[in-house]
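# Fold and contact review
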Amino acid sequence: MRRLPLVESRSAVYDEWPPRPGDFETIPLLRDSRGRSYTYLRLSVTDRCDLACVYCMPPSGEEDHTLRRELLTFEEAARLVSVFAAAGIRRVRLTGGEPLVRKDIVRLVDLIHRRTEVEQLVMTTNATRLSELARPLRDAGLFGVNISIDTLDADRFAEITRGGDLGCVLAGIHAALDVGLDVKLNTVPLRGRNDDDLARIVEFAWSLGVTPRFIELMPLGEGAKLPQSMRMDTDDVITVLGDQLHRTTATGVEGHGPARYLSASDGSGRRVGFITPMSNDFCDTCNRVRITARGDIRACLASRRAINLRNIMRAGGSDLDLAWAMVWSLSGKDRGHYFLDADEHEHEHVGMSLIGG
Ligand code: SAM
Ligand code: SF4
């Protein structure tokens, strides 16, 4: 066994790696063998969706979607969040699939908000159901939403999402702003599909007082099947946005996530975010861990290594057993995702909707 001082609990430093079940007397802070600390949990609540974006979901939905009995119950999800919070997680993002298609999602938000110590509870959503749910979600304790929108053209929106109604999404964005949720817009730029919409999306977001962010297409799931010529790196997007941005005023990495920001050229202080998993990965500073809808903990989108926390709970496992499993899953986390390495192609076939985007 390698001996490394890797896992710091509140009362001790564990120097056997990996730790064994029963090693912990208290829940340890989450660190990995490369010294990265984990403070941000992305919790998938479903792998189903009411849309089927071309880079994410097959036309008729995922074949291998989770059955109802396999899904984490709300009580199980809230228990996991409380153990993660004890292990240092400060921020939780509910995601999917589409989190708003999970029945009674407001109750889950309420449970997590009331029962756990997390500082900020947020959600990533396609916003199709947000016009009715924004207020109850906010009242239940949701702080903010990242809303995915790839075009402002209704026909194109229907093409990219395979049938989505842009009007519902726009209504959802306005509802979220009206009730005071913190809102960001996320766009995946796709050459030949929405590149001539990007400048308009930026203006639209800014007109609402919202920051738009561009996420580079990743070769995961359906995204791996698209021609890679469709992928636009951040430099390509910056070129398309041209005069809208001040190229020398990068505001760098901020806040909780990996986005880097550039400021508007007009000096207004408005910004555009760029999430660059492909052109400039942020793996060295990764602070996030993921739970799938069926309760697998995954240290990385690109990793197949997973341990099922739901089974541990259903077998009567304690919070310390869960903490051990969390530490174990992070123990083998690679330095990076190797998306661009042809030999690692095997890693690339599980889509964002199955893992939790
Ligand atoms: N349904 C919600 C939504 O669309 O916002 C939450 C889940 S979705 C999987 C989360 C984010 O992942 C979305 O912003 C989506 O655009 C992004 N995404 C999905 N597949 C992707 C891929 N292959 N490459 C880059 N981003 C992707
Ligand atoms: Fe659904 Fe979100 Fe995937 Fe689009 S990106 S198919 S909205 S889960």
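Once a new chain begins, its residue numbering starts again from 1 and follows that chain's sequence as written. Chain letters start at A and ligand numbers start at 1, both assigned in the order the entries are written. Predicted model: local features are reported for residues with pLDDT of at least 70 only, side-chain atom pairs are reported and counted for 80 or more only, and whole-chain, interface and lining totals are derived from all residues. To get the side-chain values, take all heavy atoms of the structure and skip hydrogens and water.

## Examining the overall build of the protein
Let me state the cut-off plainly: Only DSSP runs of H or I with at least four residues qualify as helices, and only runs of E with at least two residues qualify as strands; both kinds are numbered from the N terminus onward. Between buried and exposed lies partly exposed: a residue is buried under 20% and exposed over 50% of the maximum accessible area for its type, with that area taken using a 1.4 Å probe on protein chains only. Contact criterion: two residues are considered in contact whenever any of their non-hydrogen atoms come within 4.5 Å of each other. Calculation of accessible area relied on Shrake-Rupley with a 1.4 Å probe; when residues are assessed, cover is drawn exclusively from the protein chains displayed.
Assigned secondary structure in the protein consists of 11 helices and 15 strands. Counting across all 357 residues of the protein, residues that qualify as buried make up 56%. Long-range pairs, those at least 24 residues apart, make up 69% of the contacts in the protein between residues at least 6 apart in sequence. Surface accessibility of the protein: about 15,000 Å² in total, with carbon and sulfur atoms responsible for 48%.

## Side note on the site of ligand 2
Inclusion rule: Nearness here has a simple test: a residue counts as near a molecule or strand if at least one of its heavy atoms is within 4 Å of that partner. When residues are grouped by polarity, Ala, Val, Leu, Ile, Met, Phe, Trp, Tyr, Cys and Pro land in nonpolar, Asp, Glu, Lys and Arg in charged, and all others, Gly among them, in polar.
The environment of ligand 2 is formed by Cys49, Leu51, Ala52, Cys53, Cys56, Met57, Gly97 and Asn126. Of the residues belonging to the shell around ligand 2, the class tally is six nonpolar, two polar and no charged.

## Some points on the side chain of Arg36
Rules: Distance and chemistry together define a polar contact, namely a pair of N or O atoms within 3.5 Å, with one atom able to donate a hydrogen and the other to accept it when in protein, and with adjacent residues in sequence counting only for side-chain atoms on both sides.
Positionally, Arg36 belongs in the loop between strand E2 (13-17) and strand E3 (40-46). Among the polar contacts made by the side chain of Arg36, one reaches the side chain of Asp32 at a distance of 2.7 Å.

## Concerning the site of ligand 1
Around ligand 1, the structure places 19 residues, and the nearest of them are Tyr55, Gly97, Glu98, Ser148 and Met218. Contact between ligand 1 and Tyr55: an oxygen atom at 3.1 Å from a side-chain N or O atom of the residue. Breaking the shell around ligand 1 down by element, the ones donating at least two residues are strand E4 (91-96) and strand E5 (120-125).

## Some details on the nonpolar core
We count it as follows: Side-chain atoms within 4.5 Å link the members of a nonpolar core, which is a set of buried Ala, Val, Leu, Ile, Met, Phe, Trp, Tyr and Cys residues.
In this structure, Leu43, Phe84, Leu94 and Leu309 are the most contacted members of the largest nonpolar core, which totals 70 residues. Counting residues per element, this core draws most heavily on helix H1 (residues 74-86), which supplies eight residues. Leu309 has contacts with Leu80, Phe84, Ile291, Gly295, Ile297, Leu322, Ala325 and Met326, leaving out every residue within four places of it along the chain. Counting residues in hydrophobic clusters, the runner-up holds 14 residues, among them Val54, Tyr55, Cys56 and Leu217.

## Some thoughts on the environment of Arg115
In this fold, Arg115 is placed in helix H2 (residues 105-115). Looking at Arg115, the relative accessible area reads 47%, which means it is partly exposed. When sequence neighbours within four positions are dropped, the list of residues in contact with Arg115 reads Glu75 and Ser82.

## Observations concerning the side chain of Asn126
With respect to the element layout, Asn126 can be found in the loop between E5 and helix H3 (130-140). Since its relative accessible area comes to 8%, Asn126 is described here as buried. In this structure the side chain of Asn126 is engaged in a polar contact, spanning 3.0 Å, whose partner is the backbone nitrogen of Thr128. Other than its neighbours up to four places away in sequence, Asn126 contacts Cys49, Asp50, Leu51, Glu98, Ile147, Ser148 and Val169.

## A word on the packing of H1 against H2
Where we set the bar: Axes here refer to lines fitted to C-alpha atoms; in helices the fit is confined to the stretch in contact. Angles between the N-to-C directions go from 0 to 180 degrees. Angular relationships are summarised with four words: roughly parallel below 35 degrees, roughly antiparallel beyond 145, roughly perpendicular across 65 to 115, and oblique for the angles in between. Left-handed describes a crossing whose near helix is turned anticlockwise from the far helix through less than a right angle; right-handed describes the clockwise counterpart.
With their axes 9 Å apart at the nearest point, H1 and H2 run at an angle of 30 degrees to one another. With respect to H2, the element H1 is oriented roughly parallel. In this structure, H1 meets H2 at a crossing whose hand is right-handed. When H1 is examined against H2, the residues Phe74, Glu75, Ala77, Ala78, Val81 and Ser82 are found in contact with a partner set consisting of Ile105, Arg107, Leu108, Leu111, Ile112 and Arg115. Looking at the contact of H1 with H2, its residues break down into eight nonpolar, one polar and three charged.

## Topic: unusual backbone geometry
Positioned with a positive phi, Asp104 is a non-glycine residue whose angle comes to about 65 degrees. As for its placement among the helices and strands, Asp104 is situated in the loop between E4 and H2.

## Observations regarding the environment of Arg200
Structurally, Arg200 is set in helix H6 (residues 198-207). Considered as a pair, Arg200 and Thr151 are 49 residues apart in the sequence and their alpha carbons are 8.5 Å apart. Not counting the four nearest positions on each side in its chain, Arg200 is found in contact with Leu152 and Asp153.

## Topic: the pairing of strand E13 (residues 288-291)
What counts is decided by this rule: Two strands qualify as a pair provided that DSSP identifies no fewer than 2 bridges between them.
Across the two faces of E13 the burial is the same, with Arg288 and Arg290 and Val289 and Ile291 all buried. Here four bridges tie E3 to E13, and the two strands are oriented parallel to one another. Counterpart to Leu43 in the pairing with E13 is Ile291. Bridging between E13 and strand E14 (residues 296-298) involves two bridges; their strand directions are antiparallel. Bridged to Arg290 within E14 is Arg298. With antiparallel pairing between neighbouring strands as the criterion, E13 and E14 make up a hairpin whose turn holds four residues, including Gly295 at a positive phi of roughly 95 degrees.

## Considering the confidence of the model for the protein
For clarity, the threshold we go by: For every residue, the predictor reports its confidence as pLDDT, a number between 0 and 100.
Model confidence for the protein is summarised by a mean pLDDT of 86, while 82% of its residues fall at 70 or above. Ignoring residues within four places in sequence, the model shows residues 344-348, a span with pLDDT below 50, making 11 contacts including any to other chains.

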